[in-house]
Amino acid sequence: MTTIDDFLVLVRHEIGLPVGPEHADVPLDQVPGWDSMHLLALLTALERQTGRSISLPDVLEAESLHEIHELAVQS
Amino acid sequence: MSVYLHSAGTVLPGPPIDIASLAEKFDLPSVWGQWVESFIDNPYRHYSVDLDSGKLRFSLADLATTAGERALAAAGAAPADVDLLVMGTSSPDMLMPATVNVVADRLGIDDVATYQLQSGCTGAVQALDVARRLLGSGEHRTALVIGADSCAKHLDLSVDVRSLPPDQQVNGVLFGDGAGAAVLGVERGAHGVELLRTRVRCVGRGREPGQTLNWFGGADRHADRPAAVEDYKAVQDAVPPLAVQTLDEMLDALNWDRGEVDYVLPPQLSGRMTDEIHARLDVPDAQEVSCVRETGNTGNALPFFQLERLLPRMIAGDRAVGVAIESSKWIKAGYALEKVDA
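Residues numbered from 1 in each chain as written. Chains lettered and ligands numbered in written order. Predicted model: local features only at pLDDT ≥ 70, side-chain atom pairs only at ≥ 80, totals over all residues. Heavy atoms only, no water.

1. Observations regarding the UniProt feature "domain: Carrier" (unreviewed entry) in chain A
Per the UniProt record, "domain: Carrier" (unreviewed entry) is annotated on residues 10-68 of chain A. This span, residues 10-68 of chain A, is 53% helix and 0% strand, and a straight line between its end C-alpha atoms measures 12 Å. (UniProt positions renumbered as here; feature names shortened; annotations may be inferred. Helix = DSSP H or I, 4+ residues; strand = E, 2+ residues; numbered from the N terminus.)

This is the structure we're talking about:
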């Protein structure tokens, strides 16, 4: 998973939210169906897929899916 | 006739299990533990099942019996003094015999009225309500009231937790096992704490359950139905306002102002939810009595852990109000205590 499109596919498959490119930069509370429980599913999927730890405090600062993606590929 | 709370006694099985131990046991990533700490904040729970061997060490009857013994000892009462036994649980060992009657036998209590309520997070208050009213009738003098729950039937140590939906993962970290009990009586007792009021209202008309626990028999044991389901969004949205309503109704009925409450015992869903609910109850002058961060969510047992913490702190004139909310078919429950004598 390297691109934002790959990441959005992961979001669709792992947590079942119908997100597309138009949701990458909107505030998380405007992503359809988004809540903290989805964050748990997404973070565990990311850590499993990338094999790298992701810092939750950093993720909690993220304001969009795009920013979470950046943290995932940086970590 | 006035009814008094003489004592509370509790038990938690086995050692406290922290989040890191759960993550290690179920091979979960470090970020899972961080999320649970941030969004649930139940640092510990206790299990009747040994996590290493998978063996069941304590039945529900074992836990309830120990809690009952401790409550009786704390009250200075003997089993022969008990003429009413009421128990609430969502997780009986068997459907028959009812666990309350097994506990009566274990405690050496015989030839008394016994009742078991099939109940969730308001079960302790429902049991206190039944006991208070029956004691108030004048037909009984001393009641042992028990609340107990065990996750043992749901704790599948072979499951791949990472493959479960997040709401089921969270259910697993919310709950733990435990039992609590209280002795009530029509005599004033050493504490002089009167159980002034209990109130239970089912408000589930037209509402889907927020929590479902199935049971299975010989014909449907292989049915493709989940054993436990929680609609966490419904719980998150509905419980805080129901808790506020319950406190308001209790205070109205007692003719107490918020400023006259010395202790508040809020619902104990999780550390984080309890903080949120406590803030919304808006009783800043009252001391909060909570336990969920130490005990985990022990369902029917929770208010007894709170009462055990409350009793030694009360001084003459102190007033306390407790609230519990059940999110299965939506029940709101409250209770009020006052220390009337030194």
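Once you've had a look at it, read on.
2. Topic: the pattern of salt bridges
Residue and element names in this part refer to chain B. Going through the model one piece at a time under the given rule, you end up with 16 salt bridges over all chains. A salt bridge links Arg57 to Asp50; the shortest N-O distance between them is 3.9 Å. According to the relative accessible area criterion, Asp50 is partly exposed, its value standing at 22%. Notably, a salt bridge pairs Arg319 with Glu338, separated by 3.2 Å at the nearest N-O pair. Of this pair, Arg319 sits in strand 13 (residues 319-326) while Glu338 sits in strand 14 (residues 331-339), and the two are 19 residues apart along the sequence. Look at Glu338 and you get buried, because its relative accessible area is 18%. Beyond isolated ion pairs, a larger network of salt bridges with shared partners links Asp41, Asp275 and Arg293. (Salt bridge = Lys/Arg side-chain N within 4 Å of Asp/Glu carboxyl O. Buried < 20%, exposed > 50% of the residue type's maximum accessible area, 1.4 Å probe, protein only.)

3. Some details on the interface of chain A and chain B
Facing the 18 residues of chain A at the interface are 15 residues of chain B. Summed over both partners, the interface of chain A with chain B buries about 1,400 Å², with 71% contributed by carbon and sulfur atoms. Per-residue buried area on chain A facing chain B is highest for Met37, Leu40 and Leu56 of chain A; these three make up 41% of the total on that side. Where chain A meets chain B, there are one salt bridge. Measuring nitrogen to oxygen at the nearest pair gives 3.4 Å for the salt bridge that ties Asp35 of chain A to Lys233 of chain B. Counting the contacts that link chain A with chain B gives five residue pairs in polar contact (both at pLDDT 80 or more). (Contact = heavy atoms within 4.5 Å. Buried area = accessible area lost by both parts, 1.4 Å probe. Polar contact = N/O pair within 3.5 Å; in protein donor to acceptor, adjacent residues only side chain to side chain.)

4. Digging into helix 3 (residues 60-75) of chain B
Residue and element names in this part refer to chain B. Across its 16 residues, helix 3 extends 22 Å between first and last C-alpha, which sits within 8% of the 22 Å expected from 1.5 Å per residue. Leu60, Ala61, Leu63, Ala64, Thr65, Ala67, Gly68, Ala71 and Leu72 are the residues of helix 3 that are buried. Buried-residue contacts for helix 3 involve strand 1 (4-11), strand 4 (84-89), helix 4 (99-107), strand 6 (142-149) and strand 7 (178-185). (Expected span 1.5 Å × (residues − 1).)

5. With respect to the pairing of strand 8 (residues 193-202) of chain B
Residues and elements named next belong to chain B. With two bridges joining them, strand 1 and strand 8 adopt antiparallel strand pairing. Residue pairing across strands places Leu5 opposite Val193, the latter belonging to strand 8. By the bridge criterion, nine bridges tie strand 8 to strand 14 in an arrangement that is antiparallel. If you follow Cys202 over to strand 14, its bridge partner there is Ile331. (Pairing = 2+ DSSP bridges.)

6. Observations regarding the side chain of His140 of chain B
All names here are of chain B. Along the polypeptide, His140 turns up in the loop between helix 5 (123-136) and strand 6. At a separation of 3.0 Å, a polar atom in the side chain of His140 contacts the main-chain carbonyl oxygen of Asp83. When neighbours within four sequence positions are excluded, His140 is seen to be in contact with Asp83, Leu84, Ala113, Leu134, Leu135 and Val186.

7. Let's talk about the domain arrangement of chain B
Residue and element names in this part refer to chain B. Domain parsing of chain B yields domain 1 (4-185) and domain 2 (193-339). One C-alpha centre belongs to domain 1, the other to domain 2, and the line joining them spans 15 Å. Each partner contributes residues to the interface: domain 1 has 52 residues there, and domain 2 has 44 residues. A buried area of about 3,800 Å², summed over both sides, lies between domain 1 and domain 2, and 61% of it is on carbon and sulfur atoms. Area buried by domain 1 at its contact with domain 2 is led by Leu5, Cys121 and Val125, which between them contribute 16% of it. (Domains from an automatic or database assignment.)

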